[in-house]
Amino acid sequence: MLSKAAALLLAVSCFLPFSVATATEKQYFSGQQPSLADIKQAQQEAAAEDKLLMLVLGADWCHDSVALMERFNEPSLQAELQQKFVMRAVDVGYLTYGFEITEAYGQPTYYGTPTVMIIDPESGQVLNKADWQYWTNAASHDAQTFANYFVHGTFSQPASATEWQQQVQAFEQRQAQRVRAGFQAVSPLLETYIESNRGQAKAEFQALWSELAQFRNEVFATTVKLNQQSNASEFPDFALQSWEKTTQ
C-alpha cells in the first residue's frame, strides 16, 4: 500500500477475462499487454454479445489503477459490469506502453492512469472521451459513483466530426506528441522510484512529474473544451516544457 505522500505524488491525477486478480494479490495489470489483435478479438466478442468494449489502461504502481480494479472486482459490481461490458486490462508499464491501442481507436495518447476507454464495438468509436480523465482519481470515488457511471450511465455515439473538430483533432495530435515525449522523459525516473520500493523521490523526479501532470491535464482539458465549441480565433500556444528544452 502506498503511503499517503506517495499516493498523492503518483496520483494523476496477457489477455485476461474480467476478473483479473484477487484483491490481496494486487496484480491487476502487471504483464497484461494484449496485442492489438487480441483487443480486436475482444471487440468482436463484445459485438457478438451486444455489449460495450471497456479497455482499462493502468499499472500496479498506480494507486488509482489498483483502486479502480479493486472496486470492479467487488462481487456485486462485477456481476453488473459483466452484463454490460467485455473488459480488458492493459499494462502501460512505466508510461511506456498502450499507445498503439489508443491510436487504433482514434486517440493519440492517454493522459493519465487509469484511463478507461468505453468503445462501441460496431463503430470502434470511443464513447466517453470527454470524461475519461475522471477515473484517474478512482480512489476518491465511492461505490455509488462507480455504479452511477458504469452500471446506470449511458454512452452515446459521437456525431460525425465537423470541420472544426477535425482541426481540434489535429491540434490534439500535436500536443499529444509532446505529452508522450514527457512520458518518455519521466519513465526511467518513475521506474527507479518504484523499483527502489518507493523510497524518497529525487527532486528531479518530483519536479518533472509535477510539471508533466500539469501539462497533460491542461492539454486534455483544453481539447475537451475546444471540441465543445464551434470555432475559436486561435488555438492556445503552450510554452516549451523542460523535457523539450533539453532537446533544442
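That block above? That's the structure.
The rules behind the values
Residues numbered from 1 in each chain as written. Predicted model: local features only at pLDDT ≥ 70, side-chain atom pairs only at ≥ 80, totals over all residues. Heavy atoms only, no water. Pairing = 2+ DSSP bridges. Helix = DSSP H or I, 4+ residues; strand = E, 2+ residues; numbered from the N terminus. Axes fitted to C-alpha atoms, helices over the stretch in contact; angles between N-to-C directions. Buried < 20%, exposed > 50% of the residue type's maximum accessible area, 1.4 Å probe, protein only. Contact = heavy atoms within 4.5 Å. Core = buried A, V, L, I, M, F, W, Y, C linked by side-chain atoms within 4.5 Å. Salt bridge = Lys/Arg side-chain N within 4 Å of Asp/Glu carboxyl O.

**Q** I'm lost on the sheet that holds strand β3 (residues 115–119) in this one. Help?
**A** One key point about sheets: their strands pair by backbone hydrogen bonds, in either a parallel or an antiparallel sense. The 3 strands are arranged β2-β1-β3 in an open sheet whose pairing can be described as mixed. The open sheet is flanked by β2 (85–91) and β3, the only strands paired with a single partner. Put simply, the sheet's adjacent strands are angled 20 degrees from each other on average, direction ignored. Sheet topology places strand β1 (residues 52–58) next to β2; 7 bridges connect them, and they run parallel. Bridge pairing in β2 places Val56 opposite Ala89.

**Q** Please clarify how the pairing of β3 should be interpreted in this entry.
**A** Remark: a regular strand shows side chains that alternate across the two faces of the sheet. A large share of β3 lies buried, amounting to 5 of its 5 residues. Neither face of β3 is open: one carries Thr115, Met117 and Ile119, the other Val116 and Ile118, and all of them are buried.

**Q** Can you walk me through the side chain of Gln241 in this structure?
**A** Tracing the backbone shows Gln241 in the loop between α8 (203–227) and α9 (242–245). Residues within four places of Gln241 in sequence aside, it is in contact with Arg178, Glu211 and Phe215.

**Q** Got a minute to help me understand unusual backbone geometry in this structure?
**A** Trans is the common state for peptide bonds, and a negative phi is the common state for residues other than glycine. Following Thr113, the chain continues to Pro114 via a peptide bond in cis, the omega torsion being -10 degrees. Relative to the elements of secondary structure, Pro114 occurs in the loop between α5 (99–104) and β3. The phi dihedral of Asp50 falls on the positive side, at around 60 degrees, and the residue is not glycine. Its location among the elements puts Asp50 in the loop between α2 (36–48) and β1. Judged by relative accessible area, which is 73%, Asp50 ranks as exposed. The phi dihedral of Leu95 is positive, around 65 degrees, even though this residue is not glycine. Relative to the helices and strands, Leu95 is located in the loop between β2 and α5.

**Q** Would you take a moment to explain the nonpolar core for this structure?
**A** The nonpolar side chains of soluble globular proteins are, as a tendency, buried together. Counting residues in hydrophobic clusters, the biggest one holds 44 residues, and the most contacted among them are Leu53, Leu55, Trp61, Leu95, Tyr105, Met117 and Leu190. Secondary structure elements with two or more residues in this core: α2, β1, β2, α5, β3, α7 (163–195) and α8. A per-element tally of this core places α7 first, with 10 residues. Sequence-distant contacts of Leu95, that is, excluding residues within four places in its chain, are made with Trp61, Tyr110, Thr113, Phe183, Val186, Leu190 and Trp209. Judged by nonpolar contacts, the second largest core, of 24 residues, contains Leu52, Ile118, Phe146 and Val151.

**Q** I would appreciate a short explanation of the pattern of salt bridges in the present structure.
**A** It is possible for side chains of opposite charge to pair when their charged atoms get near one another. The tally for this structure, following the rule as stated, stands at 6 salt bridges. Residue Arg71 pairs with Glu74 through a salt bridge whose shortest N-O separation is 3.2 Å. The closest approach of N and O atoms between Glu244 and Arg178, which form a salt bridge, is 2.6 Å. On the criterion of sequence distance, the pair formed by Glu244 in helix α9 and Arg178 in helix α7 is long-range, its members being 66 residues apart. Judged by its relative accessible area of 10%, Glu244 falls in the buried class.

Read these as spatial facts, not as claims about activity.
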